[in-house]
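# Observations on the three-dimensional arrangement
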Amino acid sequence: MTKVHKEAITGAQAAAYAMKQIEPDVVAAYPITPQTPIVEYFAKYVADGVVKTEMVPVESEHSAMSAVVGAAAAGARAMTATSANGLALMHEIVYITASMRLPVVMPVVNRALSGPINIHCDHSDTMAERDSGWIQLFCEDAQEVYDLTLMAVRLAEHEQVRLPVMVNQDGFIISHGVEPVELLPDEVAKKFVGELKPLYPLLDTEHPVTYGPLDLYDYYFEHKRQQIEAMKNVFKVFPSIAEEFYNITGRRYNFVEPYKMEDAQYVMVALGSTNGTIKYVVDQLREEGKKVGLLKIWMFRPFPKAEIQRLLTGRKAVVVLDRSASFGAEAPLYEAIKSSLYEVASKPLLGSFVYGLGGRDINPELVRFAFEKAMKHELVVDQELYLGLRE
Amino acid sequence: MAELKKWNEIPIGGIITEPGTARKYRTGDWRVKRPIYDRSKCIDCMMCWFYCPDQAIMQENSVMKGINYFYCKGCGICANVCPKSAIEMRPETEFAHKEE
Ligand code: SF4
Ligand code: SF4
């Protein structure tokens, strides 16, 4: 195991520290709350000469992602970071990044997507990008932000993947909360991340290429099929990257994290920092002899359906917590879980809870309430319930 | 139309890996009406050559030499601007079974 040092830092610092060790050739970014500290910390590394990265301060997120696309197409390792409305403003280019198969890694600090204006955490920003062709990873804490940002680079740049990755962390809860984080020595992190092997770089003037040409009905469909395939390849590629990371750090990652799931009859499924609260409640309920467990989702896109089917079949009830709503339809995570369970041999009772919109607090009592609903078999499959809402 | 490749036979992301491929793009495939040129009426004024948006009018030393159907999209501008009505637009269906 590698010698590590532990520091008390925020999630934003963890992302910036990983970026420092990755030392991308180009970072173009526009500050937006609560992503701002990531860009500030990284800008300081640049100003202090700690990294040789070309920092491009732009006038909007649309430009930030455009500059990153240009840099990545040129053959550079390029990164940016964003949040909420900034991500929405990028949307056009976010989609193009994936469609051009550029291996960009972007920390996303999740925040409500207005209106009315709200700067606090929910997942509506990243959910709006779930079909953009990006890989989406979700972190429970600052340690995972650091770890998954390093692994994201390897995943994005893998020759069978070549897709951009969003590393999501909950706004303020993770981005501004201080926690102890184990950090790798620079040379170990650098060695793990490795060198980018550019594919079709524009700067290779010996072999001129065209990026982003007109692609009509005769080939567009085929290019989308390639993206579908690349997403499927993530299931093959990610475990080996996670294994390599485990050998260095002793920290094991996968598509999902089952917590006290072996004999669990009542299982909760969630994304992000809330998983910490759920683990606390699972521990309490276990002490009371209740057979409860948690299935934390690390990877939301591609959606690890096979893994989820294997872990949820035969359970008595599954409660899905969503920190975003889908107006006129089921909440995004719930919809994905429910659809996965259509094919399993033994379907659990299912319940959907939307919580935490615009930073509304989630606490152990609310989590316990949702578990109790499940244990009393009071869930209705097409009924969306709310945690922490005044009704 | 050229043989189309399958999804796993082409570069990713729509990237074009050789220069000058626009030359190979047969915009003539788009044509619904075909301009037919009558040399006997032509006065070589070159109006058609000036106006053709696809550079599909062929000329040599300011002499009209006919139409390049590989690129001609059949917009009909040439027929419209010709002062001598030397170009007539005819439906492609008339030529459907004849080789160009
Ligand atoms: S029909 Fe249009 S494209 Fe064809 S030769 Fe005439 S002007 Fe050019
Ligand atoms: S515009 Fe008509 S007359 Fe003039 S060169 Fe063309 S075909 Fe001939």
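Residues numbered from 1 in each chain as written. Chains lettered and ligands numbered in written order. Predicted model: local features only at pLDDT ≥ 70, side-chain atom pairs only at ≥ 80, totals over all residues. Heavy atoms only, no water.

### Things to note about the side chain of His223 of chain A
Structurally, the position occupied by His223 of chain A is in helix 8 (residues 220-249). Look at His223 of chain A and you get buried, because its relative accessible area is 10%. Side chain to side chain, His223 of chain A and Asp215 of chain A meet in a polar contact 2.5 Å long. Excluding its chain neighbours within four sequence positions, the residues that come into contact with His223 of chain A are Asp215 of chain A together with Ile10, Pro11, Gly13 and Gly14 of chain B. (Helix = DSSP H or I, 4+ residues; strand = E, 2+ residues; numbered from the N terminus. Buried < 20%, exposed > 50% of the residue type's maximum accessible area, 1.4 Å probe, protein only. Polar contact = N/O pair within 3.5 Å; in protein donor to acceptor, adjacent residues only side chain to side chain. Contact = heavy atoms within 4.5 Å.)

### With respect to the environment of Met58 of chain B
Residues and elements named next belong to chain B. If you trace the backbone, Met58 turns up in strand 2 (residues 57-60). The exposure class assigned to Met58 is partly exposed, which follows from its relative accessible area of 35%. Apart from the residues within four sequence positions on either side, Met58 is in contact with Val63, Met64, Lys65, Gly66, Ile67 and Asn68.

### Notes on the site of ligand 1
Not every one of the 13 residues close to ligand 1 is listed here, only the nearest: Cys52, Cys72, Cys75, Gly76 and Cys78 of chain B. Across the shell around ligand 1, the residue classes tally to 9 nonpolar, 2 polar and 2 charged. (Near = heavy atom within 4 Å. Nonpolar A, V, L, I, M, F, W, Y, C, P; charged D, E, K, R; others polar.)

### Some details on the site of ligand 2
All names here are of chain B. Near ligand 2 the following residues occur: Tyr37, Cys42, Ile43, Asp44, Cys45, Met46, Met47, Cys48, Cys82, Pro83, Ala86 and Ile87. In a pocket analysis with a 2 Å cut-off to the grid points, ligand 2 is assigned to the second largest cavity. Of the residues that constitute the shell around ligand 2, the class distribution is 11 nonpolar, no polar and 1 charged. (1 Å grid on protein atoms, 1.4 Å probe; cavity = no way out; pocket = protein on both sides within 12 Å on 5 of 7 lines; lining within 4 Å. Sits in = over half its atoms within 2 Å of the grid points.)

### Quick word on the interface of chain B and chain A
If you look at the interface, chain B gives 16 residues, while chain A gives 19 residues. The contact between chain B and chain A buries some 1700 Å² in all, and 68% of this surface belongs to carbon and sulfur atoms. Interface area lost by chain B to chain A is led by Trp7, Ile12 and Ile15 of chain B, which between them contribute 40%. For the pair chain B and chain A, the interface holds 6 residue pairs in polar contact (both at pLDDT 80 or more). When its residues are assigned to classes, the side of chain B that touches chain A shows 9 nonpolar, 3 polar and 4 charged. (Buried area = accessible area lost by both parts, 1.4 Å probe.)

### Notes on the layout of surface pockets
As a volume, the largest pocket reaches approximately 1200 Å³. Surrounding the largest pocket, 29 residues form its lining, Asp218 and Tyr219 of chain A together with Thr21, Lys24 and Tyr25 of chain B being those nearest its centre. A breakdown of the residues in the lining of the largest pocket according to their chemical character gives 16 nonpolar, 4 polar and 9 charged. Taken as a whole, the second largest pocket encloses approximately 400 Å³ of empty space. In terms of lining, the second largest pocket is formed by 18 residues, of which the most central are Leu113, Ser114, Asp122, Ser124 and Phe327 of chain A. Considering only residue class, the lining of the second largest pocket consists of 9 nonpolar, 7 polar and 2 charged. (Points joined across faces, edges and corners; volume = space filled by probe spheres on them.)

### As for helix 10 (residues 305-312) of chain A
Residue and element names in this part refer to chain A. Considered for burial, the residues of helix 10 that qualify are Glu307, Ile308, Gln309, Leu311 and Leu312. On its buried face, helix 10 sits against strand 9 (256-259), strand 10 (266-271), strand 11 (292-297), strand 13 (317-322) and helix 11 (332-340). Immediately beyond the C-terminal end of helix 10, within one or two residues, lies Gly314, with a positive phi of roughly 80 degrees.

### Thoughts on the pattern of salt bridges
Residues and elements named next belong to chain A. Per the counting criterion, the structure on display carries 32 salt bridges over all chains. Ionic pairing is found between Arg368 and Glu288, a salt bridge with its closest N-O pair at 2.4 Å. Taken as a pair, Arg368 in helix 12 (residues 364-375) and Glu288 in the loop between helix 9 (274-287) and strand 11 lie far apart in primary sequence, 80 residues in all. The partly exposed category is assigned to Glu288, whose relative accessible area is 41%. Residue Glu372 is joined to Arg368 by a salt bridge in which the shortest nitrogen-to-oxygen separation is 3.5 Å. On the criterion of helical spacing, the pair formed by Glu372 and Arg368 is a turn pair, its members being 4 residues apart in helix 12. What makes Glu372 partly exposed here is its relative accessible area of 30%. Residues joined by salt bridges that share partners form a network here, namely Glu140, Glu144, Glu257, Lys279 and Lys296. (Salt bridge = Lys/Arg side-chain N within 4 Å of Asp/Glu carboxyl O.)

### As for unusual backbone geometry
All names here are of chain A. Look at the link from Thr33 to Pro34: it is a cis peptide, with omega at -5 degrees. With respect to the helices and strands, Pro34 occurs in the loop between strand 2 (26-29) and helix 2 (36-47). Between Gly115 and Pro116 the backbone carries a cis peptide bond, its omega angle lying at -5 degrees. Looking at the secondary structure, you find Pro116 in the loop between strand 5 (105-110) and helix 5 (124-127). Positive phi, close to 65 degrees, is recorded for Arg101, a residue that is not glycine. Tracing the backbone shows Arg101 in the loop between helix 4 (84-99) and strand 5.

### Some words on the nonpolar core
Residue and element names in this part refer to chain A. With 84 residues, the main nonpolar core has Tyr146, Leu150, Phe238, Leu295, Leu312 and Ile337 as its most contacted residues. In terms of residue count, the dominant contributor to this core is helix 6 (residues 142-157) (10 residues). Other than its neighbours up to four places away in sequence, Leu295 contacts Val256, Glu257, Pro258, Met261, Val267, Met268, Val269, Ala270, Ile308, Leu311 and Leu312. Residues Ala72, Ala78, Ala98 and Met106 belong to the second largest nonpolar core, which totals 27 residues. (Core = buried A, V, L, I, M, F, W, Y, C linked by side-chain atoms within 4.5 Å.)

### A short note on a nonpolar patch on the surface
All names here are of chain B. Together, Met47, Trp49, Phe50, Tyr51 and Ile77 make up an exposed nonpolar region whose accessible area comes to about 500 Å². Looking at the nonpolar patch, the element that brings in the most residues is helix 1 (residues 47-51), giving 4 residues. When you line up the elements, Tyr51 lands in helix 1. (Patch = residues over 30% accessible without salt bridge, like charges linked within 9 Å, V, L, I, M, F, W, Y side chains within 5 Å. Areas by Shrake-Rupley, 256 points an atom, 1.4 Å probe, with all protein chains shown as cover.)

### What about the packing of helix 3 (residues 61-74) of chain A against helix 4 of chain A?
Residues and elements named next belong to chain A. Here helix 3 crosses helix 4 at 25 degrees, and the two axes come no closer than 7 Å. The angle between the axes of helix 3 and helix 4 places the two elements in the roughly parallel class. Like other packed secondary-structure pairs, helix 3 and helix 4 cross with a definite hand, here right-handed. Contacts from Glu61, His62, Ala64, Met65, Ser66 and Val69 in helix 3 reach Gly86, Leu89, Met90, Glu92, Ile93, Val94 and Thr97 in helix 4. Considered class by class, the residues forming the contact of helix 3 with helix 4 number 7 nonpolar, 4 polar and 2 charged. (Axes fitted to C-alpha atoms, helices over the stretch in contact; angles between N-to-C directions. Parallel < 35°, antiparallel > 145°, perpendicular 65-115°, else oblique. Left-handed = near helix turned anticlockwise from the far one by under 90°.)

Geometry only, nothing functional implied.
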